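The chain contents come next:
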Amino acid sequence: MATTTARAHGVPELRRVELTIGGMTCASCAARVEKKLNRMDGVSASVNYATEKAKVEYADTVAVGDLIATVEATGYTAEAPPPPVPEPDTQGREGGRHGGEREERELTALRQRLTTAVVLALPVVLMSMVPAWQFTNWQWLALTLASPVVTYAAWPFHRAALTNARHGAATMDTLVSVGTLAAYGWSLWALFLGDAGMPGMTHPFEFTISRGDGASEIYLEAAAGVTAFILAGRYFEARAKRRAGAALHALLELGAKDVAVLREGREIRMPVGQLAVGDRFVVRPGEKIATDGVVREGGSAVDASLLTGEAVPVEVGPGSPVTGATVNAGGRIVVEAVRVGADTQLARMASLVADAQNGKAAAQRLADRISAVFVPAVIVLALGTLAVWLALGEGPTAAFTAAVAVLIIACPCALGLATPTALLVGTGRGAQLGILIKGPQVLESTRAVDTVVLDKTGTVTTGAMALTEVHTAEGEDEVEVLRLAGAVEHASEHPIGQAVAAGAAERTGPLPEVEDFANVPGLGVRGTVEGRAVVVGRERLLHEWSLELPAGLAAAKSAAQERGGTAVAVAWDGRVRGLLVVGDTVKATSAEAVRRLRALGLRPVLLTGDNVQAARTVAAQVGIAAQDVHAEVLPEEKVAVVRGLQAEGRSVAMVGDGVNDAAALAQADLGLAMGTGTDAAMEAGDLTLVRGDLRAAADAIRLARRTLGTIKANLFWAFAYNLAALPLAAAGLLNPMIAGAAMAFSSVFVVANSLRLRRFAPLGDAS
């Protein structure tokens, strides 16, 4: 839905709308649509090829219909957002569902064309390239098989070429269309009007280069083979693009689906979309909080790790604010809704992801960039060849043969393989190593990246609460303190209590039974263990029992809190016996990972919502400089940090695992999502690291750079073959079978070069 923004007096009111653009086949298409929209008075547009969206800001003197008409006049399709419906959440799901259905239909159609091309083109290529298989009248079977490939399967290229021609542009589609149609058209002429249709015709495999009139030469294998190869590349690209909007879907799916609203003292279960500001609703242990609100009754610990990424649960009570999609980890609470729908923090984060995705410059495929010059040059050369041969009086048949030969040898068979084969081998090897690369556009970002931003919790650290320190009062036994504290906390459902119990059991063995257990909400627990009345909890709980921390334990508590830990005291029989510190721990491999990232020329930066001292402690442990630490950063501020680094001229990679990282992952030039994190983070990232080991980030960048280098080498050699053969074709000295052999050899070379990526290996573990 378009939104309005008030402007100063005398300035036209501006509206905003996001259009879905269809029919774009390369980055130059997006640039063309953007250029046409920006030429309209009062319109400012940004078109993203990767997401197929156009974000448009326009004056109130312009209608959405005018914008759509401009896009359609440019040769593409445009769709306005769906009309509003009563329930906002339903609208989002309906819009996403219809968009997904359209993408699925397009992918299915492309898959059908690819299947047709491969099944029919393979025998055509084999018959044309292997003289022993050229039986009597084989050429007519080849024509029968190649015709559906050149017409039906290659139709997207022909349609795009027509669109480009109407607007004076040329892309890879133009070269594919002109080359295949020229090869097919000349083959028809040779079969029906020349000598190629005679029974017994064969393609003699000779190494001699001789001038011929082309009347007995057909090029059906070139037309069918190129179509199949290029379609394969388009299909795999389309599969990658299909996931462009999945981050938003994953974010929205995090929210609760229904809620127990209090009406006249009764609980009524209803969809979250029907919640209104001021409604009070019940949240039981283990349930998600339906929307942003304030606790009115009860107390609990809220696990906000899905949104904030921080492992430490937040204690809440009457008057405490809570956020939608966080999990109630403790007792029953009653919450009053203060923000619903698009105003919630979850919805705002989804909006940030969308803005970051649309704002990121679409990576233009290398082949399209080169073809912007190469394609027009080949067409001009072909026309020049025709004109020169006619001027020399060689006759129209020989002139046309030479001109068509120029187009055929330039038709990018190896070029069509250059990107998809390297990408398939590179991504396949990455999958074996737990590195998932989403598409070819990701690879271009890896070479320029010079800064890597690391989310702390769950990325550099484990992201889980664990017992990290044990301090005992003078004369107390550490094992005894752990046994008794662990026994009481074992009965608790609180995440801190579970961490204490697990740590105690690991260090002391089986824990004793607890009796008369009681939970003191927000403060701690108490119970009787082996005849002793044990209290474990915060200092406030000790005060209720008239207990004070000894000076040594008080100092340990202050030091632990400065480092970001949570301290709980242990007391029994009227004395404080010890202090336990629970916190997030640095992964054993993080320091080695930072060293490897530095070795790749990257500057590591630590980003966290924790306090400054805790962040610097972690940074010191893994080798990150204090000036490169950004602490106490709210979830929505992470995008601003990434943008700030980009504004300094840095190319930024972001590594994260939480929902709060999703927008920053999308904003970064390269997003690396830890596979141990949330679905939203993985969908927003460009690379997904299946393992929770940060060292995989360095391996992922190395693999992506190696794959990009292979693609560039493939493209160089693919064009080199064409450029070397073009003068021979223009001179009329290109034997069809030599041309076919050269094309086949260039394809084999490209595939073999890509297969070298299978030998990529991660760096060995440091010992």
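Note that the coordinates shown come from a computational prediction; the quantities given were computed from them, not determined experimentally.

Conventions we followed
- Residues numbered from 1 in each chain as written.
- Predicted model: local features only at pLDDT ≥ 70, side-chain atom pairs only at ≥ 80, totals over all residues.
- Heavy atoms only, no water.
- Helix = DSSP H or I, 4+ residues; strand = E, 2+ residues; numbered from the N terminus.
- Buried < 20%, exposed > 50% of the residue type's maximum accessible area, 1.4 Å probe, protein only.
- Areas by Shrake-Rupley, 256 points an atom, 1.4 Å probe, with all protein chains shown as cover.
- Pairing = 2+ DSSP bridges.
- Contact = heavy atoms within 4.5 Å.
- Axes fitted to C-alpha atoms, helices over the stretch in contact; angles between N-to-C directions.
- Patch = residues over 30% accessible without salt bridge, like charges linked within 9 Å, V, L, I, M, F, W, Y side chains within 5 Å.
- Salt bridge = Lys/Arg side-chain N within 4 Å of Asp/Glu carboxyl O.
- Phe/Tyr/Trp six-rings, centres within 6.5 Å; stacked < 30°, edge-to-face > 60°.
- Lys NZ or Arg CZ within 6 Å of the ring centre and 35° of its normal.
- Parallel < 35°, antiparallel > 145°, perpendicular 65-115°, else oblique.
- Left-handed = near helix turned anticlockwise from the far one by under 90°.
- Nonpolar A, V, L, I, M, F, W, Y, C, P; charged D, E, K, R; others polar.
- UniProt positions renumbered as here; feature names shortened; annotations may be inferred.
- Core = buried A, V, L, I, M, F, W, Y, C linked by side-chain atoms within 4.5 Å.

**Thoughts on the overall build of the protein**
Inference 1: A count of helical and extended segments in the protein gives 26 helices and 27 strands.
Inference 2: Across the 767 residues of the protein, 51% fall into the buried class.
Inference 3: Looking at the protein as shown, the accessible area adds up to about 32200 Å², and 57% of this sits on carbon and sulfur atoms.

**Structural notes on the sheet that holds strand β23 (residues 603-607)**
Inference 1: The 7 strands lie next to each other as β15-β27-β26-β25-β16-β23-β24, forming an open sheet whose pairing is mixed. What marks the edges here is a single partner per strand, and that holds for β15 (435-437) and β24 (629-630).
Inference 2: Sheet analysis places strand β25 (residues 652-656) next to strand β26 (residues 670-674), joined by 4 bridges and oriented parallel. Residue Met654 lies in a different strand from β26, and its bridge partner there is Gly671.
Inference 3: Sheet strands touched by helix α22 (residues 638-647): β16 (451-455), β23, β24 and β25. Its angle to β25, the strand with the most contacts, is close to 155 degrees.

**Quick look at a nonpolar patch on the surface**
Inference 1: Together, Leu122, Leu126 and Trp133 line one region of the surface with nonpolar side chains, adding up to about 300 Å² of accessible area.
Inference 2: Inspection of the secondary structure assignment puts Leu126 in helix α3 (residues 88-129).

**As for the packing of aromatic side chains**
Inference 1: If you walk through the whole model with that rule in mind, you get 2 aromatic pairs.
Inference 2: Between Trp140 and Phe192 the ring centres are 5.3 Å apart and the planes differ by 75 degrees, which places this aromatic pair in the edge-to-face class. Note that Trp140 is positioned in helix α4 (residues 138-153) and Phe192 in helix α6 (residues 172-192), a separation of 52 residues in sequence.
Inference 3: The exposure class assigned to Phe192 is exposed, which follows from its relative accessible area of 55%.
Inference 4: Here Trp186 and Trp189 contribute two aromatic rings whose centre-to-centre distance is 4.6 Å and whose plane-to-plane angle is 25 degrees, an arrangement assigned as stacked. Of this pair, Trp186 and Trp189 both sit in helix α6, 3 residues apart, roughly one helical turn.
Inference 5: Taking relative accessible area as the criterion, Trp189 reaches 27% and is therefore assigned partly exposed.
Inference 6: Sitting over the ring of Tyr152, Arg113 keeps its end group 4.7 Å from the ring centre.

**A look at the packing of helix α16 (residues 478-489) against helix α17 (residues 495-508)**
Inference 1: It is the contact of α16 with α17, at a shortest axis distance of 8 Å, that shows an interaxial angle of 135 degrees. Considered as vectors, α16 and α17 are oriented oblique to each other. For α16 against α17, the interelement crossing comes out left-handed. Residue-level contacts link Glu478, Val479, Leu482, Arg483, Ala485, Gly486 and Glu489 of α16 to Gly497, Gln498, Val500, Ala501, Ala504, Arg507 and Thr508 of α17.
Inference 2: Class assignment of the residues belonging to the contact of α16 with α17 gives a composition of 6 nonpolar, 4 polar and 4 charged.

**Quick word on the UniProt feature "transmembrane region" (unreviewed entry) in the protein**
Inference 1: According to UniProt, the positions carrying the feature "transmembrane region" (unreviewed entry) are residues 114-132, 138-155, 175-198, 218-236, 370-392, 398-425, 713-731 and 737-755.
Inference 2: Between the end C-alpha atoms of residues 114-132 there is a gap of 28 Å, over a span that is 84% helix and 0% strand.
Inference 3: End C-alpha to end C-alpha, residues 138-155 measures 25 Å, and it is 94% helix and 0% strand.

**Observations concerning the pattern of salt bridges**
Inference 1: On inspection of all chains with the given rule, the structure shows 22 salt bridges.
Inference 2: Asp258 serves as the salt-bridge partner of Arg269, at 3.4 Å between the closest nitrogen and oxygen. In this pair, Arg269 sits in strand β7 (residues 266-271) while Asp258 sits in strand β6 (residues 258-263), placing the two residues 11 residues apart along the sequence.
Inference 3: Owing to a relative accessible area of 46%, Arg269 belongs among the partly exposed residues under this scheme.
Inference 4: The partner of Glu480 in a salt bridge is Arg483, with the nearest N and O atoms 3.2 Å apart. Taken together, the residues span about one helical turn, with Glu480 and Arg483 both in helix α16 at a distance of 3 residues.
Inference 5: Overlapping salt bridges bring together Glu480, Arg483, Glu530 and Arg532 as one network.

**A look at helix α20 (residues 590-599)**
Inference 1: Counted residue by residue, α20 has 7 buried out of 10 residues, so it is predominantly covered.
Inference 2: Listing the buried residues of α20 in full gives Ser590, Ala591, Glu592, Ala593, Val594, Arg596 and Leu597.
Inference 3: For α20, the elements touching its buried residues are β16, α15 (456-460), β22 (575-586), β23, α21 (612-622) and α25 (695-730).
Inference 4: Gly601, located one to two residues past α20, shows a positive phi value of around 85 degrees.

**Let's talk about the packing of α4 against helix α5 (residues 155-166)**
In helix packing, the relevant descriptors are the interaxial angle and the interaxial distance, both defined with respect to the helix axes.
Inference 1: Running from amino to carboxyl end, α4 crosses α5 at an angle of 45 degrees, the nearest separation of the two axes being 5 Å. Overall, the two elements α4 and α5 adopt an arrangement that is oblique. Judged by residue contacts, Val150, Thr151, Tyr152 and Ala153 of α4 engage Trp155, Pro156 and His158 from α5.
Inference 2: Across the contact of α4 with α5, the residue classes tally to 5 nonpolar, 2 polar and no charged.

**Considering the side chain of Arg113**
Inference 1: Topologically, Arg113 is positioned in helix α3.
Inference 2: According to the relative accessible area criterion, Arg113 is buried, its value standing at 15%.
Inference 3: Residues in contact with Arg113, not counting those within four places in the same chain, are Tyr152, Ala153, Trp155, Pro156 and Leu231.

**A few points about the nonpolar core**
Looking at soluble globular proteins, one finds that nonpolar side chains tend to be buried together.
Inference 1: In terms of nonpolar packing, the biggest core is built from 53 residues, with Val124, Ile218, Leu220, Leu231, Val378 and Val406 touching the most fellow members.
Inference 2: Counting 33 residues, the second largest nonpolar core, distinct from the first, contains Ile437, Ala619, Leu670 and Leu703.

**Here we look at the environment of Arg702**
Inference 1: With respect to the helices, strands and loops of the structure, Arg702 is situated in helix α25.
Inference 2: Linking Arg702 and Thr446, residues 256 residues apart in sequence, is a C-alpha distance of 8.5 Å.
Inference 3: Setting aside residues up to four positions removed in sequence, Arg702 forms contacts with Leu600, Phe760, Ala761, Pro762 and Leu763.

**Focus on the environment of Leu715**
Inference 1: When you line up the elements, Leu715 lands in helix α25.
Inference 2: Residue Leu715 is classed as buried on the basis of its relative accessible area of 3%.
Inference 3: Taking the C-alpha atoms as reference points, Leu715 and Val750, separated by 35 residues in sequence, lie 8.5 Å from one another.

**Some thoughts on unusual backbone geometry**
Inference 1: Positive phi outside glycine occurs at Ala325, with the angle close to 80 degrees.
Inference 2: Structurally, the position occupied by Ala325 is in the loop between β12 (321-322) and β13 (327-328).
Inference 3: The exposure class of Ala325 is buried, given its relative accessible area of 2%.
Inference 4: Its identity as a non-glycine residue notwithstanding, Asp573 has a phi of 50 degrees, on the positive side.

**Description of the pairing of β22**
Inference 1: Across 8 bridges, strand β17 (residues 461-472) lies against β22 in antiparallel orientation. Looking at the pairing, Leu467 lines up with Val582 of β22.
Inference 2: Pairing of strand β21 (residues 566-572) with β22 involves 7 bridges; the strand directions are antiparallel. Across the sheet, Val570 pairs through a bridge with Gly578, a residue of β22.

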